[in-house]
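Observations on the three-dimensional arrangement
The primary structure of each chain is shown beneath.
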Amino acid sequence: MNKKYLIFLFRICFLIAFVFVQIQCAGPTTLVRSSQEDFWLGIHVLMDNKDAAAALTSEIPALAKNGVNLVIAEINYNYEYESHPELRGNGHISKEEIKNLLQVCKENNILLVPEFQCLGHQSWAKETFPLLTTYPQFDETPGQYPNNEGIYCRSWCPLHPDLNPIIFDLMDELIDVFKASTLHVGMDEVFLIASDFCPRCKGKNPAELFAKAVNDYHNHLQKRGVEMMMWGDRLINAKETKYSEWESSTNNTYPAIDMVPNDIIICDWHYGKMNEYNSIPYFLKKGFRVLPSSWKDVSASDALVDYSLKFNSPKMLGHLCTTWQRPVTGETSQFQPLKEAAKKLNR
């Protein structure tokens, strides 16, 4: 047989084998959907201490039985960070506890996505979280609002030159311990941006500042080969959509949608019952993958699922049920909006 022909056959066989291995190894590691039967059903929980991590681990088999194939665990500062131990929250979760959770998720074919809240949500009620208590110079409103009175949540300054290296260190640790293919960066309900109290952001365009933050995080995650997920409310124009100021922007961040990459996965959250949720087709038209997200109102959750199913697009990924609480053994898997969404998605 001709030598050149043998070499050609060898190359063809090698290529086929390589593609086959890639397909076999790919698994459910990224958020894509190829058919109507391939929806993602996710649940978002707060994993802010060891008990929460243990409860979530115990609930994974029951969640999988109820059709869940995606868990977003909001961990924030509650991991035993080694690069910046000064930013560990109280009752921080160990590497071993994360590995145990990850193994149980793997055994039950659930994609585990860590969430680290970026930019906004740096406080809650009177408590300011570790970053801005340890490094108050990163605050968007330094020295203002004692005890956080008069504000919803604090934000960090997206222009501070010393901030991103620290945030990227924390992201990298989460990516490594979770073996994450996707990281949720939060970024919802950012009300403090372009503040007159910030020497760097004062007078700047809020949309450009927001887009700068989004792009910084996206670029870093892209270097790590990790997909980025975020809440979508700051990219929605409240006046055009008639959504509330919480689930859409009244502070002029929404033009950022045309300044950021559209390979970001948008968790489009709406918690009230409406006849239509026009942000879903809006994000789809802009080229984003969309994961509509509901909360505790079953009728509102059902309405959001029903509306989203009208869009026969592979970029409409499925549904995310947010709980906004720590997991509870024996209860989280029985979350009623989750069970109803599973029926509608045929999970």
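Residues numbered from 1 in each chain as written. Predicted model: local features only at pLDDT ≥ 70, side-chain atom pairs only at ≥ 80, totals over all residues. Heavy atoms only, no water.

1. Re the overall build of the chain
Where we set the bar: By definition, any uninterrupted DSSP run of H or I lasting at least four residues is a helix, any uninterrupted run of E lasting at least two residues is a strand, and each is numbered from the N terminus. Burial status follows relative accessibility: with a 1.4 Å probe on protein chains alone, a residue under 20% of its type maximum counts as buried, one over 50% as exposed, and anything between as partly exposed. Contacts were defined at the residue level, with two residues in contact if any of their heavy atoms lie within 4.5 Å.
Looking only at helices and strands, the chain has 10 helices and 11 strands in total. Taken across its 347 residues, the chain has 54% of its residues classed as buried. Across the chain, the fraction of contacts at a sequence separation of at least 24, relative to all contacts at a separation of at least 6, is 76%.

2. Structural notes on the sheet that holds strand S8 (residues 265-267)
Let me state the cut-off plainly: For two strands to pair, DSSP has to find at least two bridges joining them. Angular values range over 0 to 180 degrees, each being the angle between N-to-C directions of two axes fitted as lines to C-alpha atoms, with helices fitted over their stretch in contact.
Strand order in the open sheet made by the nine strands is S9-S8-S7-S6-S3-S2-S1-S11-S10, with parallel pairing throughout. Each edge of the sheet is formed by a strand with only one pairing partner; in this case those strands are strand S9 (289-290) and strand S10 (293-294). Here strand S6 (residues 182-186) pairs with strand S7 (residues 227-231) via three bridges, running parallel. Bridge pairing links Thr182 to Glu227 in S7. Along the sheet face, helix H6 (residues 206-223) touches strand S3 (111-118), S6 and S7 and points at about 150° away from the line of S7. Docked against the sheet, helix H10 (residues 336-344) engages strand S1 (40-46) and strand S11 (318-322), running at close to 170° with respect to S1.

3. Concerning the pattern of salt bridges
Under the convention used in this document: Here a salt bridge means any side-chain nitrogen of Lys or Arg lying within 4 Å of a carboxyl oxygen belonging to Asp or Glu.
Considering all chains together, one arrives at 12 salt bridges under this definition. Asp48 is the partner of Arg326 in a salt bridge, and the nearest nitrogen-oxygen pair spans 2.7 Å. Taken as a pair, Arg326 in the loop between S11 and H10 and Asp48 in the loop between S1 and helix H2 (50-65) lie far apart in primary sequence, 278 residues in all. Taking the relative accessible area as the measure of exposure, Arg326 reaches 44% and is therefore partly exposed. Between Lys343 and Glu340 there is a salt bridge; the shortest N-O distance is 3.4 Å. With Lys343 and Glu340 both in helix H10 and three residues apart, the pair spans about one turn of that helix. Judged by relative accessible area, which is 18%, Glu340 ranks as buried. Several salt bridges converge on common partners, so that one network encompasses Asp172, Asp176 and Arg224.

4. Comments concerning the side chain of Thr141
Relative to the helices and strands, Thr141 resides in the loop between helix H4 (130-134) and helix H5 (163-178). Leaving out residues up to four positions away in the same chain, Thr141 has contacts with Arg154, Leu192, Ser195 and Phe197.

5. Quick look at the environment of Glu240
You can see Glu240 is positioned in helix H7 (residues 238-241). The class of Glu240 is exposed, set by a relative accessible area of 61%. For the pair formed by Glu240 and Ser279, sequence separation is 39 residues and the distance between their alpha carbons is 9.9 Å.

6. What to know about H5
Formally: Expected helix span is computed as 1.5 Å times (number of residues minus one).
In this model H5 runs 23 Å from its N-terminal to its C-terminal C-alpha over 16 residues, within 8% of the 22 Å that 1.5 Å per residue would give. Counted residue by residue, H5 has 13 buried out of 16 residues, so it is predominantly covered. Just past H5, the residue Lys179 takes up positive phi, approximately 50°.

7. Overview of the layout of surface pockets
So the rule is basically this: Think of a 1 Å grid over just the protein atoms. A cavity is a set of points where a 1.4 Å probe fits yet cannot get out, a pocket is an open set with protein on both sides within 12 Å along at least five of seven lines, and lining residues have an atom within 4 Å of a point. Grid points are joined across faces, edges and corners, and a volume is the space filled by probe spheres set on the points.
Each pocket or cavity is described by its volume, and for the largest pocket that value is around 800 Å³. Lining the largest pocket are 28 residues, and of these Leu46, Glu74, Asn76, Trp124 and Phe129 lie nearest its centre. Of all the secondary-structure elements, those providing two or more residues to the lining of the largest pocket are strand S4 (123-124) and strand S5 (127-128).

8. Remarks on the confidence of the model for the chain
Low pLDDT means the predicted atomic positions in that stretch should not be read closely. Counted only if it meets this: Think of pLDDT as the predictor's per-residue confidence, scored from 0 to 100.
Confidence along the chain averages 92 in pLDDT terms, with 90% of residues attaining 70 or more. The low-confidence segment residues 3-10, where pLDDT is below 50, has two contacts with residues more than four positions distant or belonging to other chains. Across residues 12-28 the pLDDT falls below 50, and counting only partners more than four positions away or on other chains, this stretch makes two contacts in the model.

9. Concerning the nonpolar core
To keep things clear, this is the line we draw: Residue types Ala, Val, Leu, Ile, Met, Phe, Trp, Tyr and Cys, when buried and joined through side-chain atoms within 4.5 Å, form a set referred to as a nonpolar core.
Counting residues in hydrophobic clusters, the biggest one holds 91 residues, and the most contacted among them are Met47, Leu131, Trp156 and Tyr217. For this core, the element with the most residues is H5, which contributes 10 residues. Core analysis: the next-biggest nonpolar cluster, separate from the first, contains 14 residues, Leu70, Met229, Trp231 and Ile265 among them.

10. Brief notes about the packing of H2 against helix H3 (residues 95-107)
Rules: In this scheme, roughly parallel covers angles under 35 degrees and roughly antiparallel covers those over 145, while 65 to 115 is roughly perpendicular and the rest are oblique. With the far helix as reference, a near helix turned anticlockwise by less than a right angle produces a left-handed crossing, and one turned clockwise produces a right-handed crossing. Throughout this entry, Asp, Glu, Lys and Arg are counted as charged residues, while Ala, Val, Leu, Ile, Met, Phe, Trp, Tyr, Cys and Pro are counted as nonpolar. The remaining residues, Gly among them, count as polar.
At a minimum axis distance of 9 Å, the contact between H2 and H3 shows a crossing angle of 15°. One way to sum up the angle between H2 and H3 is to call them roughly parallel. H2 and H3 meet at a crossing whose hand is left-handed. Here Lys50, Leu56, Thr57, Ile60 and Pro61 of H2 come into contact with H3, specifically with Glu97, Asn100, Leu101, Val104 and Cys105. Classifying every residue of the contact of H2 with H3 by side-chain character gives six nonpolar, two polar and two charged.

11. Observations concerning the packing of aromatic side chains
Applicable threshold: Pairing of aromatic side chains here covers Phe, Tyr and the six-membered ring of Trp, requires ring centres within 6.5 Å, and sorts the geometry by plane angle: under 30 degrees stacked, over 60 edge-to-face, intermediate tilted.
In this structure the tally under the stated criterion is 16 aromatic pairs. Judged by centre distance (5.9 Å) and plane angle (65°), the ring pair of Tyr277 and Tyr307 falls under edge-to-face. A residue pair is termed long-range when its members are at least 10 positions apart, and Tyr277 in the loop between S8 and helix H8 (279-285) and Tyr307 in helix H9 (residues 298-308) qualify at 30 residues. The exposure class of Tyr277 is buried, given its relative accessible area of 0%. An aromatic cluster of three or more residues is present, and its members are Trp124, Tyr152, Phe191 and Trp246.

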